[in-house]
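Structural features, examined
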Amino acid sequence: MRDRAGAGDGGLVTSAQTSVLAPAPLGPVTLRNPIVKAATFEGLAHRGLVTDALVDYHEAVASGGVGMTTLAYCAVSDDGRGAPGEIVVSDDAVPGLARLAEVVHRQGAAASIQLGHAGPVATGTGHKGLAPSRVFAPQAMRYTRAATDDDLNRVVQAFVDAARRSVDAGFDALELHFGHGYLISAFLSPKLNRRSDRWGGTVENRARLARQVASEVRAAVQNHVAVIAKFNMADGVPGGLWLDESLAIGQLLASDGTLDALELTGGSSFENPMYLFRGEAPIAEMAETFPRALRPAFKLTAKRFMREYPFEEAYFLPYARQFRDAVSMPMILLGGVNRLDTVERALGEGFALVAMGRALLREPDLVRRWQSGDAGDGRCVHCNKCMPTIYRGTHCVLVPADQRPGVRVRARVRSGRGGREAALTEGGPVDDQRPRWPGRR
Ligand SMILES: Cc1cc2nc3c(=O)[nH]c(=O)nc-3n(C[C@H](O)[C@H](O)[C@H](O)COP(=O)(O)O)c2cc1C
Ligand code: SF4
């Protein structure tokens, strides 16, 4: 049993709430507190590898007081990338991953790595896009490819290999991506999965890939690390996965006993992205990331594709409660948590951990602030203007450049005919991770 994340962090303040100070178990790991920094793709990898800037970023998040930080989306294979430049968990990536995990541990936090295969979302990187069934991907103006048995065996093995490498690198937790329309989530969807073989049709068949990945990963890593899944409760599209079936799938996963927790999410990067973010749809800012000629077409498509949902504090809580009550496994609440009393309430009513994305992008030291006795709400305003920044170093637009966590700005250069400014980091310029829409690499 690995328990090196440690339960205390040097006796910080005691005047504040108890929940953000109390150690929290997650499978074989004990976190120093129950707050998890949710995966927010950092856009700081270079040629699929960890950079100094990425290490700095997670060091800053860890020193801000979270129990565990999550290295965002890492592909288990090259065709599993959702955007160019993302980390692929190859042998070459291990030394950088190890450095990142070590730095996080030095700050007293645990380190989690999100592992996934983007499936149909990979059309945005110029790949054909692996999916349960052939389906049109409007973002890429092309059809995806229906996965064969050989493809699926290869993907399962890639998850296992990536899991082993992540353990070797020293991560405390593996987060398997079973949400957001990525490959495994697409197999769970009655809309995207129209197969009639053993991978499609019934709930059991559609859940087969998720269960197989979870069980083979668990067999490979045993109890050396926590294994959790980021799991879609609802796709947010007509005909997609919804609670009637996702609860049953949660129960199947629980009965397998292969996972230590479910991190509850919803929506789809493939079909309905704003369902998972909630708040404003940053269409104009997203358009700026595309070549000028494509912007008008993007804006037209985006009005439908990026349908806006109003922000509400803890917007997934009503769905998540259904899971807490029906599925016997620890649950991680995620989605719109911005307030300390929400954290307290969620833990009080039985959620094991609380994950936060944007609130910690806005204020990486929010947990420390709460621990210090300042219980004021998080300062994220749910504008989602951080979304388009993922292509050149993710940041909250309200944080001045010289105060952004981990990005040691060395110089600002003028680049491109439009005079767009780009930040160079000490790790060197990060990849330009823009999707080559419509579907060219
Ligand atoms: C800029 C940005 C990047 C994100 N990248 C990822 C990602 O790489 N993987 C993932 O599963 N979710 C990603 N998300 C979704 C978050 O993990 C989280 O599910 C969502 O933001 C809702 O939680 P919040 O309200 O606490 O932000 C991202 C969110 C943002 C804002
Ligand atoms: S840009 Fe900043 S304030 Fe806006 S949603 Fe992102 S983190 Fe929150």
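Residues numbered from 1 in each chain as written. Chains lettered and ligands numbered in written order. Predicted model: local features only at pLDDT ≥ 70, side-chain atom pairs only at ≥ 80, totals over all residues. Heavy atoms only, no water.

Right, let's get into the overall build of the protein. A tally of helices and strands in the protein yields 14 helices and 16 strands. Burial status across the protein gives 61% buried among its 441 residues. Within the protein, contacts between residues separated by at least 24 positions form 72% of all contacts whose residues are at least 6 apart in sequence. Approximately 16,500 Å² of the protein is accessible, and the part contributed by carbon and sulfur atoms is 51%. (Helix = DSSP H or I, 4+ residues; strand = E, 2+ residues; numbered from the N terminus. Buried < 20%, exposed > 50% of the residue type's maximum accessible area, 1.4 Å probe, protein only. Contact = heavy atoms within 4.5 Å. Areas by Shrake-Rupley, 256 points an atom, 1.4 Å probe, with all protein chains shown as cover.)

To continue, consider the side chain of aspartate 235. Inspection of the secondary structure puts aspartate 235 in the loop between β11 (226–234) and α7 (243–256). One buried charged residue, aspartate 235, remains without a salt bridge, the closest side chain of opposite sign being arginine 206 at 7.9 Å. Side-chain polar atoms of aspartate 235 contact the side chain of asparagine 232, separated by 2.9 Å. The contacts of aspartate 235, once residues within four sequence positions are left out, are Ser185, Ser189, Gly240, Leu241, Gly267, Ser268, Asn272 and Tyr275. (Lys, Arg positive; Asp, Glu negative; His and termini not counted. Salt bridge = Lys/Arg side-chain N within 4 Å of Asp/Glu carboxyl O. Polar contact = N/O pair within 3.5 Å; in protein donor to acceptor, adjacent residues only side chain to side chain.)

Right, let's talk about unusual backbone geometry for a bit. The phi dihedral of arginine 47 is positive, around 50 degrees, even though this residue is not glycine. Within the fold, arginine 47 resides in the loop between β3 (35–37) and α1 (52–63). Taking relative accessible area as the criterion, arginine 47 reaches 69% and is therefore assigned exposed.

All right, on to the site of ligand 1 then. With respect to spatial proximity, 22 residues lie near ligand 1, and among them Ala39, Phe41, Gln114, Gly336 and Arg358 are the closest. In this structure, a nitrogen atom belonging to ligand 1 sits 2.8 Å away from a main-chain N or O atom of phenylalanine 41. Between ligand 1 and histidine 177, the relevant distance is 3.1 Å, taken from an oxygen atom to a side-chain nitrogen or oxygen of the residue. Protein chains bury 94% of the 610 Å² of accessible surface belonging to ligand 1 in isolation. Elements represented by at least two residues in the shell around ligand 1 include exactly β4 (68–75) and α8 (274–277). Partitioned by chemical class, the residues of the shell around ligand 1 number 12 nonpolar, 8 polar and 2 charged. (Near = heavy atom within 4 Å. Nonpolar A, V, L, I, M, F, W, Y, C, P; charged D, E, K, R; others polar.)

What follows is about the sheet that holds β11. As summarised here, the arrangement of the 8 strands in space is β3-β4-β5-β10-β11-β12-β13-β14, forming a closed barrel in which the pairing is parallel. Adjacent strand axes in the sheet meet at a mean angle of 30 degrees when their direction is disregarded. Pairing geometry for strand β13 (residues 331–333) and strand β14 (residues 353–356), over 2 bridges, is parallel. Pairing of leucine 333 across the sheet is with valine 354, part of β14. With respect to the sheet, helix α3 (residues 149–168) is in contact with β5 (110–116) and β10 (173–178), its orientation differing from that of β5 by roughly 165 degrees. (Pairing = 2+ DSSP bridges. Axes fitted to C-alpha atoms, helices over the stretch in contact; angles between N-to-C directions.)

A few words now on the nonpolar core. Note that soluble globular proteins tend to have their nonpolar side chains buried in a common cluster. Ranked by internal contacts, the top residues of the largest apolar core, which has 109 residues, are Leu115, Leu176, Phe178, Leu262 and Phe323. When residues no more than four places from it in sequence are discounted, the contact partners of leucine 262 are Ala229, Phe231, Gly250, Leu253, Phe323, Met329, Pro330, Met331 and Ile332. Phe41, Ala137, Ala186 and Leu192 belong to the second largest nonpolar core, which has 17 residues in total. (Core = buried A, V, L, I, M, F, W, Y, C linked by side-chain atoms within 4.5 Å.)

This part takes up the pairing of β10. Most of β10 is tucked away, with 6 of its 6 residues classed as buried. Of the two faces of β10, both are covered, the one formed by Ala173, Glu175 and His177 as well as the one formed by Leu174, Leu176 and Phe178. In this sheet, β10 lies alongside β5 in parallel orientation, the contact comprising 4 bridges. Counted as the bridge partner of leucine 115 is leucine 176 from β10. As paired elements, β10 and β11 share 6 bridges and run parallel to each other. Bridge pairing in β11 links leucine 176 to alanine 229.

Our focus in this paragraph is the site of ligand 2. Taken together, 13 residues lie near ligand 2, and Cys380, Cys383, Asn384, Cys386 and Cys396 sit nearest. Its residues assigned to classes, the shell around ligand 2 shows 8 nonpolar, 2 polar and 3 charged.

Now for the confidence of the model for the protein. When pLDDT is averaged along the protein, the result is 88, and 88% of the positions lie at 70 or above. Of the regions scoring below 50 in pLDDT, residues 435–441 engages in 29 contacts with residues more than four places distant in sequence or in other chains. (pLDDT = per-residue confidence, 0-100.)

Attention now goes to the packing of α3 against helix α6 (residues 208–221). How two helices sit against one another is set out by the angle between their axes and by the gap between those axes. The geometry of α3 relative to α6 is characterised by a closest axis approach of 9 Å and an angle of 35 degrees between their N-to-C directions. Regarding α3 and α6, the two cross each other, and that crossing is right-handed. Contacts from Leu152, Val156, Phe159, Val160, Ala163, Arg164 and Val167 in α3 reach Leu209, Gln212, Val213, Glu216, Val217, Ala220 and Val221 in α6. For the contact of α3 with α6, a count of residues per class yields 11 nonpolar, 1 polar and 2 charged. (Left-handed = near helix turned anticlockwise from the far one by under 90°.)

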